[in-house]
Amino acid sequence: MSNGPGLFSDIGKKAKDLLTKDFTTDQKFSVSSYSESGLALTTSTASKGPYSSGDVAAQYIYKNTSLNLKVDTESNISGILSVANIVPSSVAIANLKFPNYDSGKLEFNYFHPHASLSGAVGFSKNPPLDVSIALGTPTFALGAEAGYETNSGKLTKYNAGISVLKPDSCASVILADKGDTIRASYIHFLDESKKTGAVGEITRRFSTNENTFTVGGSCAVDGLMLVKAKLNNHGSLAAVLQHEVIPKSLLTVSGEFDTKALDKTPRFGLSLALK
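Residues numbered from 1 in each chain as written. Predicted model: local features only at pLDDT ≥ 70, side-chain atom pairs only at ≥ 80, totals over all residues. Heavy atoms only, no water.

> Can you break down the pattern of salt bridges residue by residue, with the values?
Where charged atoms from two side chains of opposite charge approach closely, those side chains can pair. Across all of its chains, the model carries 6 salt bridges by this definition. Where R205 meets D177, a salt bridge forms, and the shortest distance between an N and an O atom there is 3.5 Å. With a gap of 28 residues between them, R205 in strand β14 (residues 197–205) and D177 in the loop between β12 (169–176) and β13 (181–189) connect regions that are remote in the sequence. For E256, the salt bridge goes to R267, with nearest N and O atoms at 3.2 Å. (Salt bridge = Lys/Arg side-chain N within 4 Å of Asp/Glu carboxyl O. Helix = DSSP H or I, 4+ residues; strand = E, 2+ residues; numbered from the N terminus.)

> Which residues make up the layout of surface pockets, and what are the values?
Here the largest pocket is characterised by a volume of approximately 910 Å³. Lining of the largest pocket is provided by 37 residues; of these, K14, D17, K21, F189 and K194 occupy positions nearest its centre. For the lining of the largest pocket, the elements supplying multiple residues, two or more each, are α1 (13–20), β10 (140–149), β11 (154–166), β13, β15 (210–220), β16 (225–232) and β17 (236–246). Looking at the lining of the largest pocket element by element, the count peaks at 4 residues for α1. Counted by class, the lining of the largest pocket contains 16 nonpolar, 10 polar and 11 charged residues. The calculated volume of the second largest pocket comes to roughly 770 Å³. Lining the second largest pocket are 35 residues, with F8, S9, I11, K16 and E145 sitting closest to its centre. The dominant element in the lining of the second largest pocket, judged by the number of residues it contributes, is α1, at 5 residues. The residue inventory of the lining of the second largest pocket, partitioned by class, reads 10 nonpolar, 13 polar and 12 charged. (1 Å grid on protein atoms, 1.4 Å probe; cavity = no way out; pocket = protein on both sides within 12 Å on 5 of 7 lines; lining within 4 Å. Points joined across faces, edges and corners; volume = space filled by probe spheres on them. Nonpolar A, V, L, I, M, F, W, Y, C, P; charged D, E, K, R; others polar.)

> How would you sum up the packing of aromatic side chains? Please name residues and give values.
According to the stated counting rule, one finds 0 aromatic pairs in the structure shown. In this structure, K230 packs its charged tip against the face of F23, placed 4.5 Å from the ring centre. (Phe/Tyr/Trp six-rings, centres within 6.5 Å; stacked < 30°, edge-to-face > 60°. Lys NZ or Arg CZ within 6 Å of the ring centre and 35° of its normal.)

Written as structure tokens, this is what we have:
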């Protein structure tokens, strides 16, 4: 566990990652190479239905500074510059995109043993502002975030959350969507590597009186294979099989189908990441 409460975005992240990470119906292939100087190059291709795309990304790390550049097949260029400890216990991040300059932003994160603060401002003519704060300890955190649109003078979002973290479990409650949604989750790990565990999440949307309950789990079959699955009360069942074919290179196969409509064709995804 870290030496502080972490950022507000970390609240509920462990459960969210287990229920969403690697569950995909796309086909993706990527190859990465690394040099001793700190430079990494990655080439990726992906297809989703009839659409295909590709990109080339480079990452360079030197001491407390990292630079990420990416160019895709639609002539979009993006760059992320991250610098740690401009002031002690801080990280500054500049995110730039071309030709869509308005989507760029400047972010600053500050970490304290009992608090963390994050702020972001866009690069557009009427820049949006986002700010979040988390208070607590490595085992308990509560926080809130808000977004403000300078053009209209309105709040675009305001959320709050609380989490309790233990070495083998984590529970969280988040009030999101301007108070319209409440989400509670609990995850429990069964091994020290935190690759085998079970998770449950319930979400209620007040405006529609809709409840969604999802259960899932992951199991490390051995040191090279991981199996994940999830099922919600709407009948959606999904599973992931991930295998380390060679060191640090992963083959991921995922599938999803509706148990309440078995006549529908299941959806499958495949990802191969070579490093």
